[in-house]
Amino acid sequence: MSRSAHPAGPRHADVLPEGHYSAPPADLNTLDPKVWAQTVDRGDDGVVRVGGVDVKALAEEFGTPAYFLDETDFRARARAWRTAFGQDADVFYAGKAFLSRAVVRWLHEEGLNLDVCSGGELATALSAGMPADRIAFHGNNKSTEEIHRAVEAGVGRIVLDSFQEIVRVAHVAQELGKRQRVQIRVTVGVEAHTHEFIATAHEDQKFGIPLAGGQAAEAVRRALKLDGLELIGIHSHIGSQIFDTSGFEVAAHRVVGLLKDIRDEHGVELPEIDLGGGLGIAYTSADDPREPHEIAKALTEIVTRECEGARLRTPRISVEPGRAIVGPTAFTLYEVGTIKPLDGLRTYVSVDGGMSDNIRTALYDAEYSVALVSRTSDAEPMLARVVGKHCESGDIVVKDAFLPADLAPGDLIAVPATGAYCRSMASNYNHVLRPPVVAVKDGEARVIVRRETEEDLLRLDVG
Ligand code: LLP
């Protein structure tokens, strides 16, 4: 079908649902730097580039769908967090957001530590040369085998998440003749303003030990008694995609309250406090994340003030940003397939991926942006819904966004800010193959996680 012959979908706000997209942007060809990786721009020929390489060339070489990760941007963000917190604090990148060996090497080079939460993440970190003492091991249900591997490898800290785990880790450490550095993860009873499934500090949930009812204080009592453990601090993670520091303020206040109680009861001042991750990024132009240096300043001030009030030495602070480092650095490139304009509703634009490469829209009602990247267009904006190729009507990648009405099969569109929790939460639903991650830097593109093949799928199927 020729471009001009393609029936345009609804154009304007008459059918717009509530949400970020209250009106079409003035110019669909402009890329908002807030949501795109640092080196992304549109060349004179209208084709979008990353790291100096254009997306048509990338699609040709690596296929679609694929995640393209701007290495320059990743390193810059990692460095910005490291610099913002300075030498008196530690930045642990949360590997769950996206982990690969190349990423581990970049983090190592940029002076960051790493937070892992499974045997698989630990194996990836160690195999890429992250020194074990710069790794923190998390999780609400670590297996004895995982604990054994972590203690044996000499991880810098294990974050204890339950009473049973306190005993389990102490036991393993003793068996191995070691004293394991640990933190205790507490739930401080904060309602983070984010989606229910990614809020983690209210009490009715699976993570951590509640401060309420003296449970965390009891956990500290037990941990301090066990020879296999060296209790170095308290950990709190209040949730994800958070934009203001007020939740952290309450969390810091309550954690410092516990540190004070520990000092009063045991005469011990724990040297560390970890405030977790969760800092938000811009998925659409409506989001306004804060800069790492602002966050570092705010968090340091909060902890310092609270400790002064409690007459405690200020502990060493650590944070665990995942999304805020990797999220904005990648986009997913798709080829447009079927286009279905539904009269008076919207136009469904199908792409060659979907909920298998980005489950966040289906799972959290997440908002994303999208742009036509293989060319520019002066056509009218049409209200589009970008959907995948899976057998589910909830298989939505971008719920509501404007694309040019002359969009046609074969065009390339890209969804920015897919660096975090997209490849790491990807699935093989419908036996769709997981896309590769391609790092782009200074005119060069290289695969860091290769595309899955049908052979990979069949190798696991041994029936
Ligand atoms: N530290 C701990 C203990 C965590 O549980 C998490 C995230 C982080 C740090 C990193 O959070 P970040 O800075 O990346 O927000 N799949 C969800 C997010 C789940 C996050 C789980 N824990 C999503 O796609 O939004």
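Residues numbered from 1 in each chain as written. Predicted model: local features only at pLDDT ≥ 70, side-chain atom pairs only at ≥ 80, totals over all residues. Heavy atoms only, no water.

Time to look at the site of the ligand. Near the ligand, the surroundings consist of 19 residues, among which Ser240, Glu320, Arg360, Tyr364 and Tyr421 are the closest. The side chain of Arg360 places a nitrogen or oxygen atom 2.5 Å from an oxygen atom of the ligand. For the ligand, whose free accessible area comes to 580 Å², the fraction covered by protein is 91%. Comparing atom positions with the cavity grids shows the ligand to sit within the largest pocket. Here the shell around the ligand is composed, by residue class, of six nonpolar, seven polar and six charged. The two domains that each donate at least three residues to the shell around the ligand are domain 1 (13–70 + 328–460) and domain 2 (138–321). (Near = heavy atom within 4 Å. Polar contact = N/O pair within 3.5 Å; in protein donor to acceptor, adjacent residues only side chain to side chain. Areas by Shrake-Rupley, 256 points an atom, 1.4 Å probe, with all protein chains shown as cover. 1 Å grid on protein atoms, 1.4 Å probe; cavity = no way out; pocket = protein on both sides within 12 Å on 5 of 7 lines; lining within 4 Å. Sits in = over half its atoms within 2 Å of the grid points. Nonpolar A, V, L, I, M, F, W, Y, C, P; charged D, E, K, R; others polar. Domains from an automatic or database assignment.)

With that out of the way, let us pick up the sheet that holds strand S1 (residues 41–42). Taking strand neighbours across the sheet as the criterion, the three strands line up as S1-S2-S3 in an open arrangement whose pairing is antiparallel. Here the strands that pair on one side only, and so sit at the sheet edges, are S1 and strand S3 (53–54). (Pairing = 2+ DSSP bridges. Helix = DSSP H or I, 4+ residues; strand = E, 2+ residues; numbered from the N terminus.)

Turning next to the pairing of strand S17 (residues 381–387). The element S17 is extensively covered by neighbouring structure, given that seven of its seven residues are classed as buried. Where S17 and strand S18 (residues 396–404) come together, six bridges link them in antiparallel fashion. Bridge pairing links Met382 to Leu403 in S18. (Buried < 20%, exposed > 50% of the residue type's maximum accessible area, 1.4 Å probe, protein only.)

Our next topic: the pairing of strand S5 (residues 89–94). Here S5 lies mainly inside the structure; six of its six residues are buried. When S5 meets strand S13 (residues 316–319), the two strands line up parallel, connected through three bridges. In the strand pairing of S13, Ala89 is matched with Ile317.

Here the idea is plain: a probe the size of a water molecule rolls over the atoms and shows the empty space left. When its volume is computed, the largest pocket comes out at roughly 710 Å³. Among the secondary structure elements, those contributing two or more residues to the lining of the largest pocket are helix H10 (323–326) and helix H11 (360–364). For the lining of the largest pocket, the element with the most residues is H11, which contributes three residues. Residue composition of the lining of the largest pocket, by class: 13 nonpolar, 12 polar and eight charged. (Points joined across faces, edges and corners; volume = space filled by probe spheres on them.)

Entries for the protein in the domain assignment read domain 1 (13–70 + 328–460) and domain 2 (138–321). Computed over C-alpha atoms only, the centres of domain 1 and domain 2 are separated by 36 Å.

Moving on: the pattern of salt bridges. In the structure shown here, the tally under the stated rule is 30 salt bridges. Between Glu110 and Arg79 there is a salt bridge, and its shortest N-O distance comes to 2.8 Å. With Glu110 in the loop between helix H3 (101–109) and strand S6 (113–116) and Arg79 in helix H2 (residues 71–85), this residue pair connects regions lying 31 residues apart in the sequence. The partly exposed category is assigned to Arg79, whose relative accessible area is 41%. Between Lys260 and Asp264 there is a salt bridge, with the nearest N and O atoms lying 3.7 Å from each other. Pair noted here: Lys260 and Asp264 are both in helix H8 (residues 246–266), with a separation of four residues, about one helical turn. Through salt bridges with shared partners, a single ionic network connects Glu71, Arg75, Arg79, Glu109 and Glu110. (Salt bridge = Lys/Arg side-chain N within 4 Å of Asp/Glu carboxyl O.)

With that settled, the discussion passes to the packing of helix H4 (residues 119–127) against helix H5 (residues 144–153). Between H4 and H5, whose axes approach to 10 Å, the crossing angle comes to 25°. Of the possible angle classes, the one that applies to H4 and H5 is roughly parallel. For the crossing formed where H4 meets H5, the hand is left-handed. Mapping the contact onto sequence places Gly119, Leu122, Ala123 and Leu126 in H4 and Glu146, Arg149, Ala150 and Ala153 in H5. (Axes fitted to C-alpha atoms, helices over the stretch in contact; angles between N-to-C directions. Parallel < 35°, antiparallel > 145°, perpendicular 65-115°, else oblique. Left-handed = near helix turned anticlockwise from the far one by under 90°. Contact = heavy atoms within 4.5 Å.)

What follows concerns unusual backbone geometry. The amide bond that connects Thr64 to the next residue, Pro65, takes the cis arrangement and shows omega of -10°. Within the element layout of this structure, Pro65 appears in the loop between helix H1 (55–62) and strand S4 (66–70). The phi torsion at Arg311 lies on the positive side, around 55°, for a residue other than glycine. Relative accessible area serves as the criterion here: at 72%, Arg311 is assigned to the exposed category. Notably, Asp365 is not glycine yet its phi reads approximately 60°, a positive angle. In this structure, Asp365 sits in the loop between H11 and strand S16 (371–372).

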